[in-house]
Amino acid sequence: MQKPPVLPKPTLPGLPREGKLSNTKAAAPVRIRPDAIRARKGGVPIVSLTAYSYPIARLIDPHVDLILVGDSVAMVVHGHANTLGATLDMMILHGQAVMRGTERACVVVDLPAGSYEGSIEAARAAARRIRDATGCQAVKLEGGLSVAAQIAAIVADGIPVMAHIGLQPQSVEKEGGYKIKGRSQAAIDALRRDAEAVEAAGAFAVVIEGTVEPVAASLTKALAIPTIGIGASAACDGQILVIDDMLGLTVGHVPKFVREYGGLREQVTAAVASYASDVRDRRFPGPEHVFPPQRGGGG
Ligand code: KIV
């Protein structure tokens, strides 16, 4: 059995470094709750990333405020063409893995397309199922005015909701592609109505995706809840990216709004090519990787 890795040092000052997932007995970090995210309006920007697996959750937990188990998992992990391939069972499985790997970040799990738009009762049931099965801190759903009643009902059930307006990937088929929002006065007015509706319904934060920069900035000014931008504006109260995109691991199209902070595509390719040539040339395993016969041992 290999030793568990030591958690990396958090980048934020004043945060406990190690807890129950670590090797030492230091006090467990305090879980960041949706109320604390809401209170960050206008303050130090909220650092958010998606995660779908236990190891990535463990690695990023000390560094981020909010982790989204996004329905982008359908594309990133499962190879679907869009997020419409996500299911409730899929979100629960990945939500459970991420919850096992975190002790500090506020974990939000996406409600997949088809699980909440149809009725308030369906939305409440889906949110309850995800929260009860994963223990996540909140759920997220896409839409503004059209899902405000769902948001209000889920919040009334005691489950915090993060909203998602602007470009909504779950509408890709309906809209015939991924369309940037806020390019006409009518679109700006609709965004404003959506933003005000999700705030009034009780969302603790709202993702603004794929929206013209000054419009995202002015929505941020207008709202009392934090905005989390993706392809939006540096003026948003926080930012989010898909983890594989920012690690440079995405194979295929990388959206314009992504900055790659790592080069994992190239590292994975080089590591696997090196392993393949070592195996073919019998350089792996080496003497240090095999078990010599031992007197008194079992087996
Ligand atoms: O599913 C997802 O990853 C998202 C983020 C891009 C905001 O909704």
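Above this note sits the structure.
Residues numbered from 1 in each chain as written. Predicted model: local features only at pLDDT ≥ 70, side-chain atom pairs only at ≥ 80, totals over all residues. Heavy atoms only, no water.

Caption draft 1: Here's a closer look at the site of the ligand. Taken together, Thr 50, Leu 68, Gly 70, Asp 71, Ser 72, Asp 110, Lys 140, His 164, Val 207, Ile 230 and Val 242 are the residues near the ligand. Within the side chain of Ser 72, an N or O atom sits 2.5 Å from an oxygen atom of the ligand. Here the ligand has 260 Å² of accessible area as a free molecule, and 96% of this is covered by the chains. Within the shell around the ligand, the residues separate by chemical class into 4 nonpolar, 4 polar and 3 charged. (Near = heavy atom within 4 Å. Polar contact = N/O pair within 3.5 Å; in protein donor to acceptor, adjacent residues only side chain to side chain. Areas by Shrake-Rupley, 256 points an atom, 1.4 Å probe, with all protein chains shown as cover. Nonpolar A, V, L, I, M, F, W, Y, C, P; charged D, E, K, R; others polar.)

Caption draft 2: Local environment of the nonpolar core. Ranked by size, the top nonpolar core spans 57 residues in total, and within it Leu 111, Ile 130, Val 139, Ile 151 and Ile 154 carry the most contacts. The dominant element in this core, judged by the number of residues it contributes, is helix H4 (residues 88-100), at 6 residues. Other than its neighbours up to four places away in sequence, Val 139 contacts Val 108, Val 109, Leu 111, Ala 127, Ile 130, Ile 154, Ile 159, Pro 160, Val 161 and Met 162. Residues Ile 32, Ile 37, Ile 46 and Leu 66 belong to the second largest nonpolar core, which totals 15 residues. (Core = buried A, V, L, I, M, F, W, Y, C linked by side-chain atoms within 4.5 Å. Buried < 20%, exposed > 50% of the residue type's maximum accessible area, 1.4 Å probe, protein only. Helix = DSSP H or I, 4+ residues; strand = E, 2+ residues; numbered from the N terminus. Contact = heavy atoms within 4.5 Å.)

Caption draft 3: Representation of the environment of Arg 31 within the structure. Within the fold, Arg 31 resides in the segment before helix H1 (34-38). Counting along the chain gives 106 residues from Arg 31 to Gln 137, while the straight-line C-alpha distance between them is 9.1 Å. Residues within four places of Arg 31 in sequence aside, it is in contact with Met 99, Thr 102, Glu 103, Arg 104, Ala 105, Val 107 and Gln 137.

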